[in-house]
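Geometric and topological summary
Chain by chain, the residues run as shown.
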Amino acid sequence: GPYQFPEKFIPVMVTNLIEGLRIPVYGQGQNVRDWLYVEDCCRAIALVLDRGRPGEGYNIGGQSEQHNIDVANLVLMRMGLGESAIEFVVDRPGHDFRYALDNAKITAELGWQPETKFEEGLGRTVDWYRNNLAWWRPLKSDLTRESKGFWVGHVESGEVTG
């Protein structure tokens, strides 16, 4: 959602595409992540603070596991671009293949469920980054100077060059 640091997967994709750059996808994009929209996360934290048992831990999962390549394709579709904007990059050594949380405890004990469907939250996130260039551009500019080579390629008129 909004304000996620621009080095993270979805913000990297959206901001790269806005800037005419390719989007980096590790390996073949088969890594799996469980996605949760930020407002649902905040609601869960507030609920745990209000009604959770002191000293207990509660996993907050989105119940929306997606392969990275599928997320990339949804972002591309939302932004009107094709798969040629993807740059497959070497995966980091030791990179976890799957991140997922079992939120059965928070659901059973506190009745919490995510309210925002993945596609809806993704659409809101893409739109937020499109409308808030002044927030993320300075941060990304600093990141680009620090980590040369991650944001690669250039997209022109829907075609990737470079």
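What comes next is a walk through the structure. Starting afresh in each chain, residues are numbered from 1 along the sequence in its written order. Thresholds applied to this predicted model are a pLDDT of at least 70 for local features of residues and 80 or more for the giving and counting of side-chain atom pairs; totals over whole chains, interfaces and linings are not thresholded and use all residues. As a rule here, side-chain values come from all non-hydrogen atoms in the structure, and water together with hydrogens is ignored.

1. Observations concerning the overall build of the protein
The way it works is that DSSP assigns letters per residue, a run of H or I at least four long becomes a helix, a run of E at least two long becomes a strand, and they are numbered from the N terminus. Scanning the protein for helices and strands turns up six helices and seven strands. The 162 residues of the protein split such that 40% are buried. Put simply, the protein shows about 8,900 Å² of open surface, and 52% of that area lies on carbon and sulfur atoms. Buried means the residue's accessible area, taken with a 1.4 Å probe over protein chains only, is under 20% of the maximum for its type, while exposed means over 50%, and partly exposed covers the values in between. Only the protein chains shown count as cover for residues, and the accessible areas themselves come from Shrake-Rupley with a 1.4 Å probe.

2. A short note on the packing of aromatic side chains
Each pair of aromatic rings is reported with the distance of its centres and the angle of its planes. We call Phe, Tyr and Trp rings a pair once their centres come within 6.5 Å, taking the six-membered ring for Trp, and we label the pair stacked below 30 degrees between planes, edge-to-face above 60, and tilted otherwise. Counted according to the given criterion, the structure contains seven aromatic pairs. Joined through ring pairs, the aromatic side chains of Tyr3, Trp128, Tyr129 and Trp135 make up one cluster. Looking at Arg33, its charged tip hangs above the ring of Tyr99, at a distance of 3.8 Å from the centre. A ring has a charge above it when a Lys NZ or an Arg CZ is no more than 6 Å from the ring centre and no more than 35 degrees off the ring normal.

3. A short note on the pattern of salt bridges
Any two side chains of opposite charge can pair, on the condition that their charged atoms come close. Take a side-chain nitrogen of Lys or Arg and a carboxyl oxygen of Asp or Glu: if they are within 4 Å of each other, that pair is a salt bridge. Throughout the structure, instances matching the rule amount to 13 salt bridges. Across the pair Glu7 and Lys8 runs a salt bridge whose closest N-O atoms are separated by 3.9 Å. Put simply, Glu56 and Lys105 hold a salt bridge, and the shortest N to O gap is 2.4 Å. Placement of the pair is Glu56 in the loop between helix 2 (38-51) and strand 3 (65-67) and Lys105 in helix 4 (residues 104-110), with a sequence separation of 49 residues. Of the residues examined, Glu56 reaches a relative accessible area of 33% and is grouped as partly exposed. Take Lys105: its relative accessible area is 28%, and that puts it in the partly exposed class. If you follow the salt bridges from partner to partner, you end up with Arg53, Glu56, Lys105 and Glu109 in one network.

4. Some remarks on the sheet that holds strand 2 (residues 32-34)
Strand order in the open sheet made by the three strands is 3-2-5, with mixed pairing throughout. Each end of this open sheet is capped by a strand with a single partner; those strands are strand 3 and strand 5 (98-99). Any two strands between which DSSP finds at least two bridges are classified as paired. As paired elements, strand 2 and strand 3 share three bridges and run antiparallel to each other. Looking at the pairing, Arg33 lines up with Gln66 of strand 3. Residues count as neighbours in contact if any of their non-hydrogen atoms are within 4.5 Å of one another. All axes are obtained by fitting lines to C-alpha atoms, using only the stretch in contact for helices, and the reported angles, taken between N-to-C directions, cover 0 to 180 degrees. In the packing of helix 3 (residues 68-78) onto the sheet, the strands contacted are strand 2 and strand 3, and the crossing angle to strand 3 comes to about 80 degrees.

5. Details of the nonpolar core
What tends to happen in soluble globular proteins is that the nonpolar side chains get buried as a cluster. Each nonpolar core is a collection of buried residues, namely Ala, Val, Leu, Ile, Met, Phe, Trp, Tyr and Cys, held together in the definition by side-chain atoms within 4.5 Å. Ile10, Met13, Val14, Leu17, Ile23, Val75 and Ile86 are the most contacted members of the largest nonpolar core, which has 21 residues in total. For Ile86, the residues in contact, after removing those within four places along its chain, are Arg22, Ile23, Val25, Ile69, Ala72, Asn73 and Leu76. Formed by seven residues, the second largest nonpolar core is a distinct cluster that contains Tyr58, Ile60, Ile106 and Trp112.

6. Quick look at the side chain of Thr116
Tracing the sequence through the fold places Thr116 in the loop between helix 4 and helix 5 (118-131). With residues up to four places along the chain from it excluded, the contact list for Thr116 reads Tyr37, Asp40, Gly121 and Arg124.

7. With respect to the packing of helix 1 (residues 9-18) against helix 3
Two elements in contact, helix 1 and helix 3, have axes separated by 10 Å at closest approach and are oriented at 35 degrees. At the point where helix 1 passes helix 3, the crossing takes the right-handed sense. Facing helix 1, whose interface residues are Phe9, Ile10, Met13, Val14 and Leu17, helix 3 presents Asn68, Val71, Ala72, Val75 and Leu76. Three classes are used, and their members are as follows: Ala, Val, Leu, Ile, Met, Phe, Trp, Tyr, Cys and Pro are nonpolar, Asp, Glu, Lys and Arg are charged, and the others, Gly among them, are polar. Within the contact of helix 1 with helix 3, the residues separate by chemical class into nine nonpolar, one polar and no charged. Helix crossings fall into two classes, left-handed where the near helix is turned counterclockwise from the far one by less than a right angle and right-handed where it is turned clockwise.

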